[in-house]
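# Fold and contact review
For reference, the chains in residue letters:
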Amino acid sequence: MSKRNPLYDFKWCPGCGDFGVKVAIEQALARRTAERSESIEKTVIVAGIGCSGNLVHLQEGPQPFGIHGIHGRTLPVAYGIKTGRPDLNVLVVSGDGDFLSIGAEHIGPQARRNLDVTVVVMDNGIYGLTKGQASPTTNVDVVTSTTRYGKLDEKMNPYLFYLGSGVGYVSSQLSTRVKDLSTAIGDAMDYPGFAVVHVQSPCTTYNDTYALLKGDEKQGIEPLAYPIPDSHDSGDLLAAINLVRGERIPIGQIYRRDSESVPSHERLAKAKEQSGVTQVSVKELMDGMLIS
Ligand SMILES: Cc1ncc(C[n+]2csc(CCOP(=O)(O)OP(=O)(O)O)c2C)c(N)n1
Ligand code: SF4
């Protein structure tokens, strides 16, 4: 995408959290391009399938490139782009269903490879686009069209999942706090490796969690989200794990590993240099794998 497609008329519902995420990404990209005097076309947004993935079509202003690919496969597409063009800034936008359900198997391998991309996950605890089925982050016992007698499996803790999979940068944000979110996305784009900005982004149509996240004194609802205390050491993996183990949702920088953060494209360049191989045909590659 280099121009907004006038024929694509998808619209988010009023109040959808994804509006805030869109603005935060626009702001972060505007800052990045200005600070680095970098063309917007140096950025590629890889989108998953879902209301969230439609963000790629809804960006206002200068347009980055965009790929709206296959459900759950944002990371393989991003890996291909970053491997072929390490100079590009690759941003993945995905939903909790797209990234943590069908796409979950790709997180561990790319985290260990330290693919240098920023993933913005819009978590609304539901499949929005397909009209409200349970996702990995839907609470246990909740009735949806695919869990007619209540969801049987426990809710996934995405933060623990990222930390356990070896993700080097984990930030937790709210779609309503656009300035903080935009700063976190900008910082994640600067991080030389696999960075996840996980955003609580409520779905006003199928799972409206605004009051739960913010709390509501009148209704006696304690806020689920709370700011991470300044005393938290985000460089300490065990401290990060302890922080996210509870029922509540900490907001801020959860974890950032700076040592040994060699991104995948640098590992590949080093392997090429050490082997002395510059170009290998597919046939040579396949023949090399044959067991005689
Ligand atoms: C292989 C495949 N399976 C299922 C679907 C149907 N499908 C489209 S989007 C989606 C889930 C979207 O949920 P989520 O990623 O949470 O995004 P949201 O719409 O809530 O932003 C599903 C199951 C599909 N498009 N392709
Ligand atoms: S269905 Fe939910 S996630 Fe999708 S646009 Fe509407 S409010 Fe947003």
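In this report, we go over the structure that sits alongside the text. (Residues numbered from 1 in each chain as written. Chains lettered and ligands numbered in written order. Predicted model: local features only at pLDDT ≥ 70, side-chain atom pairs only at ≥ 80, totals over all residues. Heavy atoms only, no water.)

Turning to the pattern of salt bridges, a few remarks are in order. Evaluated as defined, the whole model comprises 13 salt bridges. Note that D190 and R32 form a salt bridge whose closest N and O atoms lie 3.7 Å from each other. Pair noted here: D190 is in helix α7 (residues 178-190) and R32 is in helix α1 (residues 18-36), with a separation of 158 residues, a long-range link. A salt bridge links D190 to R36; the shortest N-O distance between them is 2.8 Å. (Salt bridge = Lys/Arg side-chain N within 4 Å of Asp/Glu carboxyl O. Helix = DSSP H or I, 4+ residues; strand = E, 2+ residues; numbered from the N terminus.)

Turning our attention to α7. Between its first and last C-alpha, α7 extends 18 Å over 13 residues, near the 18 Å set by a 1.5 Å rise per residue. Every buried residue belonging to α7 is among L181, S182, A184, I185, G186, A188 and M189, and all of these are buried. Of the surrounding secondary structure, the elements contacted by the buried residues of α7 are α1, β3 (89-95), β4 (118-123), β5 (169-174) and β6 (195-200). (Expected span 1.5 Å × (residues − 1). Buried < 20%, exposed > 50% of the residue type's maximum accessible area, 1.4 Å probe, protein only. Contact = heavy atoms within 4.5 Å.)

In this section: the site of ligand 1. In the region of ligand 1, 16 residues are neighbours, and C51, S52, G97, D98 and G128 sit closest. G97 is positioned with one of its backbone polar atoms (N or O) 2.8 Å from an oxygen atom of ligand 1. In the environment of ligand 1, an oxygen atom lies 3.1 Å from a nitrogen or oxygen atom belonging to the backbone of I126. The element that contributes the greatest number of residues to the shell around ligand 1 is helix α4 (residues 96-102), accounting for four residues. Broken down by class, the residue content of the shell around ligand 1 amounts to six nonpolar, eight polar and two charged. (Near = heavy atom within 4 Å. Polar contact = N/O pair within 3.5 Å; in protein donor to acceptor, adjacent residues only side chain to side chain. Nonpolar A, V, L, I, M, F, W, Y, C, P; charged D, E, K, R; others polar.)

For helix α3 (residues 74-84), every residue scored as buried is listed here: T74, L75, A78, I81 and K82. Projected onto a plane normal to the axis of α3, the buried residues spread over an arc of 125° and lie on a single side. (Arc of directions from axis to C-beta.)

Moving on, we come to the sheet that holds β3. Strand order in the open sheet formed by eight strands is β2-β1-β3-β4-β6-β5-β8-β7, and the pairing between neighbours is mixed. Each end of this open sheet is capped by a strand with a single partner; those strands are β2 (65-68) and β7 (225-227). Here the strands of the sheet are splayed against their neighbours by 25° on average, with no regard to which way each runs. Across the sheet, α7 is in contact with β3, β4, β5, β6 and β8 (249-256); its angle to β5 comes to roughly 165°. (Pairing = 2+ DSSP bridges. Axes fitted to C-alpha atoms, helices over the stretch in contact; angles between N-to-C directions.)

Structurally, the position occupied by I70 is in the loop between β2 and α3. Along the backbone, I70 and I49 are 21 residues apart, and their C-alpha atoms lie at a distance of 6.5 Å. In this structure I70 touches I49 and D98, once residues within four positions along its chain are discounted.

What follows is about unusual backbone geometry. Its identity as a non-glycine residue notwithstanding, N114 has a phi of 60°, on the positive side. Relative to the elements of secondary structure, N114 occurs in the loop between α5 (107-113) and β4. Classification of N114 by relative accessible area gives buried; the value is 1%.

Before going further, it helps to examine the packing of aromatic side chains. Summed over all chains, the structure comprises three aromatic pairs. Taking 5.2 Å as the distance between ring centres and 80° as the angle between the ring planes, the aromatic pair formed by W12 and F19 counts as edge-to-face. You can call W12 buried: its relative accessible area is 9%. Ring plane angle 50° and centroid distance 5.2 Å describe the contact between Y169 and Y191, whose orientation is recorded as tilted. One end of the pair, Y169, is in strand β5; the other, Y191, is in the loop between α7 and β6, with 22 residues separating them in the sequence. The burial state of Y169 is the same as that of Y191; both residues are buried. (Phe/Tyr/Trp six-rings, centres within 6.5 Å; stacked < 30°, edge-to-face > 60°.)

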